Structure formats: structure tokens, C-alpha cells
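# Reading the structure
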Amino acid sequence: MTSLTNPKASKGQGLIEAVLILPVLMALIMLLFLAAYRALVYFYADAALHEAMICTDSESISSCEREFKTHIQKVLLNGEVPELRLNQRGSGKRYTLQGEVKIQNQIMIRKEMKFPLKGTL
């Protein structure tokens, strides 16, 4: 019985298929790394914003913004500088603080906290 394919004709087929699929595989792996990095930046920025908002309860807004920027620089590449806005509404012991972070116009996080944090006065 004869084979439908010639064994000599398909001798290097495995190598050719591996070379053709390698760029696709590398692109897929790079895409996974980029998605993981973006998720890391998002969650780290969210936590740093939360800490900066809590910081305003005991320190000035400008010092909390500086602290936020030093924390977020740990995970950002290429010296990216995020935009941070902390706005306080109200005065005295009861007030609302709104925070917003923009990172390269791709990631935007908004939060709002009501102070005092512990119970009622």
C-alpha cells in the first residue's frame, strides 16, 4: 500500500510550521504581559489614591499629592507623570473629598470620601 504523501516532500514541514507560529506566539505572550502590567498600574494607582485621600485627614493636600506621586512612580515606566486632583468640598470637621487620577489618558480613577472617617461627631 502506498502513502498519499511523499515522506521526502514533508521532511522540513515541522520546522517551517514552528517558524511560522513563533511570531504569533510571541505577540500573544507580549499582549498578556501588557494586560498584566496595565492591571497592576490600575490597582496600584487605586490603592495609592485611597491612601492619599486618607492622608488628607491629617496632613495638607499638597504633601499627600507628593506622597502619591512618589508611591506611583514605583510601578510606572518611562518616567510617566500621573495627573492627580484632590478637591475638598465643605469645611470644618465634616467635608467630602473627591480624588481623580489620570495616567496617560488611558487609565482614569475617581473616588469620593466623606470625612470624618470614624463614625459621627
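Note that residues are indexed from 1 along each chain, following the sequence as it is written. This being a predicted model, a pLDDT of at least 70 is required before a residue's local features are given, and a value of 80 or more before pairs of side-chain atoms are given or counted; all residues contribute to the totals for chains, interfaces and linings. Just so you know, side-chain values use all the structure's heavy atoms and leave hydrogens and water out.

### Thoughts on the nonpolar core
- If you look at the biggest cluster of nonpolar residues, it comprises 20 residues, and the most contacted ones within it are Leu49, Phe68 and Ile103.
- The set of elements that each furnish at least two residues to this core consists of α1 (13-55), α2 (61-72), β1 (83-89), β2 (95-103) and β3 (107-115).
- Counting from the N terminus, the helices are the DSSP runs of H or I reaching at least four residues and the strands are the DSSP runs of E reaching at least two. Broken down by element, the residue count for this core peaks at six residues, all from α1.
- Should any heavy atoms of two residues lie within 4.5 Å, those residues are considered in contact. Setting aside its immediate chain neighbours within four residues, leucine 49 contacts Phe68, Leu84, Leu86, Gly99, Glu100, Val101, Ile109 and Lys111. As used here, the term nonpolar core means buried Ala, Val, Leu, Ile, Met, Phe, Trp, Tyr and Cys residues forming a set that is joined through side-chain atoms within 4.5 Å. The cut-offs for exposure are 20% and 50% of the maximum accessible area for each residue type, with area from a 1.4 Å probe on protein chains only; residues under the lower value are buried, those over the upper are exposed, and the others partly exposed.

### Quick notes on α1
- In this model, α1 (43 residues) spans 63 Å end to end at C-alpha, consistent with the 63 Å of a helix rising 1.5 Å per residue.
- The angle between axes fitted to the seven residues ending at a residue and the seven residues starting there is what we call the bend at that residue. Along its length, α1 shows its largest kink, about 30°, at isoleucine 21, and proline proline 23 lies within four residues downstream of that point.
- The complete set of buried residues in α1 reads Val41, Ala45, Ala48, Leu49, Ala52, Met53 and Cys55.
- Residues of α1 that are buried make contact with α2, β1, β2 and β3. An expected span of 1.5 Å times one less than the residue number is assigned to each helix.

### Re the pattern of salt bridges
- A pair is scored as a salt bridge if a Lys or Arg side-chain nitrogen falls within 4 Å of a carboxyl oxygen belonging to Asp or Glu. For the structure shown, the criterion picks out five salt bridges.
- Salt-bridge contacts for arginine 85 lead to glutamate 100; the nearest nitrogen and oxygen are separated by 3.1 Å. With a gap of 15 residues between them, arginine 85 in strand β1 and glutamate 100 in strand β2 connect regions that are remote in the sequence.
- For arginine 110, the salt bridge identified is with glutamate 100, shortest N-O distance 3.0 Å.

### Some thoughts on the state of the cysteines
- The term disulfide is used for any two cysteine sulfur atoms that are within 2.5 Å. For the structure shown, the criterion picks out one disulfide.
- Each sulfur of the disulfide joining cysteine 55 and cysteine 64 lies 2.1 Å from the other. Given an S-S torsion of about -80°, the disulfide between cysteine 55 and cysteine 64 has left-handed geometry.
- Cysteine 55 gets classed as buried once you look at its relative accessible area, which sits at 10%.

### Description of the packing of aromatic side chains
- Put simply, two rings from Phe, Tyr or Trp (the six-membered ring, in Trp's case) pair if the centres are within 6.5 Å, and we call them stacked under 30 degrees between planes, edge-to-face over 60, tilted for the rest. Under the criterion given, the structure shown has two aromatic pairs.
- Seen from their ring centres, tyrosine 42 and phenylalanine 43 are 5.4 Å apart, and the 80° between their planes marks the pair as edge-to-face.
- Judged by its relative accessible area of 35%, tyrosine 42 falls in the partly exposed class.
- Summarising the aromatic geometry, the rings of tyrosine 95 and phenylalanine 115 are spaced 4.8 Å apart at their centres and angled 15° between planes, so their arrangement reads as stacked. Residue tyrosine 95 is located in strand β2, and its partner phenylalanine 115 is located in strand β3; the two are separated by 20 residues in the primary sequence.
- Among the residues examined, tyrosine 95 registers a relative accessible area of 11% and is labelled buried.
- With relative accessibility at 4%, the residue phenylalanine 115 sits in the buried group.

### Let's talk about the packing of α1 against α2
- Relative to each other, α1 and α2 sit at 160°, their axes nearing to 9 Å. Here α1 is positioned roughly antiparallel relative to α2, judged by the angle of their axes. Crossing of α1 against α2: the hand is right-handed. Between α1, through Tyr44, Ala45, Ala48, Leu49, Ala52 and Cys55, and α2, the contact on the second element is made entirely by Cys64, Glu67, Phe68, His71 and Ile72.
- Throughout this entry, Asp, Glu, Lys and Arg are counted as charged residues, while Ala, Val, Leu, Ile, Met, Phe, Trp, Tyr, Cys and Pro are counted as nonpolar. The remaining residues, Gly among them, count as polar. For the contact of α1 with α2, the class distribution of residues is nine nonpolar, one polar and one charged. Helix axes are fitted only over the stretch in contact, all axes being lines through C-alpha atoms; the angle between N-to-C directions runs from 0 to 180 degrees. In this scheme, roughly parallel covers angles under 35 degrees and roughly antiparallel covers those over 145, while 65 to 115 is roughly perpendicular and the rest are oblique. Two helices that cross are described as forming a left-handed crossing if the nearer one is turned anticlockwise from the farther one by less than a right angle, and a right-handed crossing if clockwise.

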